[in-house]
Amino acid sequence: MGRARSICLALSVAACNGGGDSDDDTTGTTTAPTTSAATTVTTTTTTVDPDTGSTTDTACPSPVVGCPCGPGGTCDVGECTGGMCVSIPTTSATETSSDSSTDETVGPTMCGDGNAQPGELCFGPPTVLMMGAAPSDVALGNFDGDPALDLVTANRDDDQIALRLGNGAGSFGVRTAAGVGAAPVGLTVGDFDGDGHNDVVTVGSGASTISWLRGASNGGFTAAGDFATGMTPLAITSTDFAANGRADVVVANSVDNTIGVLLATDVPFAAMVPAAVGVTPRSVALADVTDDGDLDLLVANSGADSIGLLLGNGNGQFGAAVAFPVGDEPRAVVGGDVNGDNLGDAITCEGSGTLTRLLGNGLGSLGAALPFGNASAPSDVVLVDLDIDGDLDLVVASTGDNTLRLVLNDGDGGFDEALQIVTGASPVAIAVGDVDGDGLVDLVSADQGGATVTVVLSDA
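Here the structure is a predicted model, which means the values were calculated and not measured.

## What to know about the sheet that holds strand E30 (residues 354–358)
So, point 1. On the basis of which strands lie adjacent, the open sheet formed by four strands has the order E28-E29-E30-E31 and antiparallel pairing. Two strands bound the open sheet, and with one partner strand each, they are strand E28 (330–336) and strand E31 (370–374). Averaged over all neighbouring strand pairs, the angle between strand axes comes to 25°, with direction disregarded.
So, point 2. Summarising the sheet, E28 and strand E29 (residues 345–350) pair through six bridges and their orientation is antiparallel. Bridge pairing in E29 places Ala332 opposite Cys349.

Structure follows, in structure tokens:
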């Protein structure tokens, strides 16, 4: 029997502008002009290529939820009502229960009733927050010791991280900033010195270093040192390989065609240990592909149109990279079990717009590339259970049309796009977590072209 599903999203016309025109650091929100939903509006967004920095002004994305539509017009997602594309609550099935005397048809659960149920995909209106010049990555973490998740970005064009502390109800406070190495394009959060506080490490593409900012219990940071990487690193991730309470770092060095592992020590990092991968690695992810309990590495080689797999031994060392062909110019890769066989799989998004999955076989290898969807110049992809049905779904940063694409898993590793959510200009990175304490997944995008982040809260 199919799962009942209801889909709902509330958005404002102002969201189609990719943000407002003034930063309110007192409230942590951005103000924006408002427009009657009954009026046909043409809005303009600026698309910024994350690699070249070139910009293109375009109209509001082809009609998706939250954007204007003409009288009698059609929408790519949802329906045109009152000059606005709105979502349609839908269901894939209804359920019937029977006993010896009666048959009762049970209808689908619906968004807006405050009762989250498996199969619901419910999100509220987006909030756009100013963060700094060209935010290129975003993460959620606890930096001030309270239960609420806080928000941090790596801002490429002002050589800073920007932080807003969360209040636990889905809002964020005033922006603070701290300097890091030149042109930070990625960041990762972890306890790198074992003091019990979350730190931030950024990867500086202009400096070929990582910068460590030591966290305190009050949301402040102390610059604690820079450490050499390979040439022009473009991506970073971290985990505690040795399970010693100190996170280690992995970077992707785009010019050297290597990944580099920097293990946490008393320094706190040992010198980088490189490993050869394919041409122009620009994304790196951790996943247990072999189901042996040890994390392996997945690398998107954008210059070789391939994914590299390096099997791990559990202590931060990895075997030789094995390449698996995918589509043109893979920009991001993520790993997880998408088909329920307890084996790690890989998902890529590619410069051509294609989304591709490669299923793990449990023998330390991946199957053939299986394209299944597309987006507009996608730059990032994450795996997370959006509709609380136990399956990993996808969120894709669709940079070319300023949207987040929500793609739902059918339970067997097949995917179908369900919603497009309008963001600020050029979303290039995604973070997910529960920022309002309701137990449901919320979404945050780093909008490189708009100097903003977009926060979208779940709304059962």
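## Observations concerning unusual backbone geometry
So, point 1. Positive phi, close to 55°, is recorded for Asp159, a residue that is not glycine.
So, point 2. Here Asp159 is to be found in the loop between strand E13 (150–155) and strand E14 (160–166).
So, point 3. Of note, the phi angle at Asn342 is positive, near 65°, even though the residue is not glycine.
So, point 4. Tracing the backbone through its elements, the reader meets Asn342 in the loop between E28 and E29.

## Points about the environment of Asn198
So, point 1. By the element assignment, Asn198 lies in the loop between strand E16 (184–190) and strand E17 (199–204).
So, point 2. The exposure class assigned to Asn198 is partly exposed, which follows from its relative accessible area of 24%.
So, point 3. Considered as a pair, Asn198 and Gly141 are 57 residues apart in the sequence and their alpha carbons are 7.3 Å apart.
So, point 4. Among all residues touching Asn198, those that are not within four sequence positions of it are Gly141, Asn142, Phe143, Val189, Gly190, Asp191, Gly215 and Phe221.
So, point 5. At a separation of 3.1 Å, a polar atom in the side chain of Asn198 contacts the main-chain carbonyl oxygen of Asn142.

## Let's talk about the sheet that holds strand E26 (residues 306–310)
So, point 1. With antiparallel pairing, four strands are arranged side by side in an open sheet as E24-E25-E26-E27. The open sheet terminates on both sides in strands that have one partner only, identified here as strand E24 (281–287) and strand E27 (322–325). Averaged over all adjacent pairs, the angle separating strand axes in this sheet is 25°, with direction ignored.

## Brief notes about the confidence of the model for the protein
So, point 1. With 77% of its residues at a pLDDT of 70 or more, the protein has an overall mean of 83.
So, point 2. Low confidence marks residues 1–5, where pLDDT is under 50. Its contacts with residues over four positions away, or in another chain, come to 26 contacts.
So, point 3. Within the model, pLDDT remains below 50 along residues 89–108, and this stretch shows 32 contacts once partners closer than five positions in the same chain are excluded.

## Re the pattern of salt bridges
So, point 1. As enumerated under the stated definition, the model contains seven salt bridges in all.
So, point 2. As a salt-bridge pair, Asp401 and Arg405 come within 2.5 Å of each other at their nearest N and O atoms. You'll find Asp401 and Arg405 in the same group, each marked buried.
So, point 3. Connected through salt bridges with shared partners, the residues Arg282, Glu329 and Arg331 form a single ionic network.

## Regarding the pairing of strand E34 (residues 403–409)
So, point 1. Burial of E34 is extensive: seven of the seven residues sit out of reach of the surface.
So, point 2. Of the two faces of E34, both are covered, the one formed by Thr403, Arg405, Val407 and Asn409 as well as the one formed by Leu404, Leu406 and Leu408.
So, point 3. Of the pairings in the sheet, the one linking strand E33 (residues 393–398) to E34 comprises five bridges and is antiparallel in character. Considered in E34, the bridge of Ser398 is made with Thr403.
So, point 4. The antiparallel hairpin formed by E33 and E34 contains four residues in its connecting segment, where Asn402 sits at a positive phi of about 60°.
So, point 5. Relative to strand E35 (residues 415–422), E34 runs antiparallel, the two sharing seven bridges. Of the residues in E35, the one forming a bridge with Thr403 is Val422.
So, point 6. The antiparallel pairing of E34 with E35 creates a hairpin that spans five residues between the two strands, and Gly411 there sits at a positive phi of about 100°.

## As for the nonpolar core
So, point 1. Counting residues in each nonpolar core, the largest one holds 16 residues, and the members touching the most others are Leu121, Phe123, Leu386, Val395, Leu404, Leu406 and Leu443.
So, point 2. Counting residues per element, the ones that place at least two in this core are strand E10 (120–123), strand E32 (378–384), E33, E34 and E35.
So, point 3. With 15 residues, the next largest nonpolar core counts Leu151, Val428, Ala446 and Val453 among its residues.

## Re the packing of aromatic side chains
So, point 1. For the structure on display, the rule yields five aromatic pairs.
So, point 2. Look at Phe227 and Phe269: their rings are 5.3 Å apart centre to centre, the planes differ by 80°, and that puts the pair in the edge-to-face class. With Phe227 in strand E19 (residues 221–228) and Phe269 in the loop between strand E22 (258–262) and strand E23 (273–276), this pair connects stretches of sequence that are 42 residues apart.
So, point 3. On the accessibility criterion, Phe269 (3% relative accessible area) is buried.
So, point 4. Ring geometry for Phe241 versus Phe318: centroids 5.7 Å apart, planes at 75°, classification edge-to-face. Here Phe241, found in the loop between strand E20 (233–239) and strand E21 (248–253), pairs with Phe318, found in the loop between E26 and E27; they are 77 residues apart in sequence, far enough to count as distant. We note that Phe241, like Phe318, is buried.
So, point 5. Grouping aromatic residues by their ring pairs yields a cluster made of Phe192, Phe227 and Phe269.

Cut-off values and rules
Residues numbered from 1 in each chain as written. Predicted model: local features only at pLDDT ≥ 70, side-chain atom pairs only at ≥ 80, totals over all residues. Heavy atoms only, no water. Pairing = 2+ DSSP bridges. Helix = DSSP H or I, 4+ residues; strand = E, 2+ residues; numbered from the N terminus. Axes fitted to C-alpha atoms, helices over the stretch in contact; angles between N-to-C directions. Buried < 20%, exposed > 50% of the residue type's maximum accessible area, 1.4 Å probe, protein only. Contact = heavy atoms within 4.5 Å. Polar contact = N/O pair within 3.5 Å; in protein donor to acceptor, adjacent residues only side chain to side chain. pLDDT = per-residue confidence, 0-100. Salt bridge = Lys/Arg side-chain N within 4 Å of Asp/Glu carboxyl O. Core = buried A, V, L, I, M, F, W, Y, C linked by side-chain atoms within 4.5 Å. Phe/Tyr/Trp six-rings, centres within 6.5 Å; stacked < 30°, edge-to-face > 60°.

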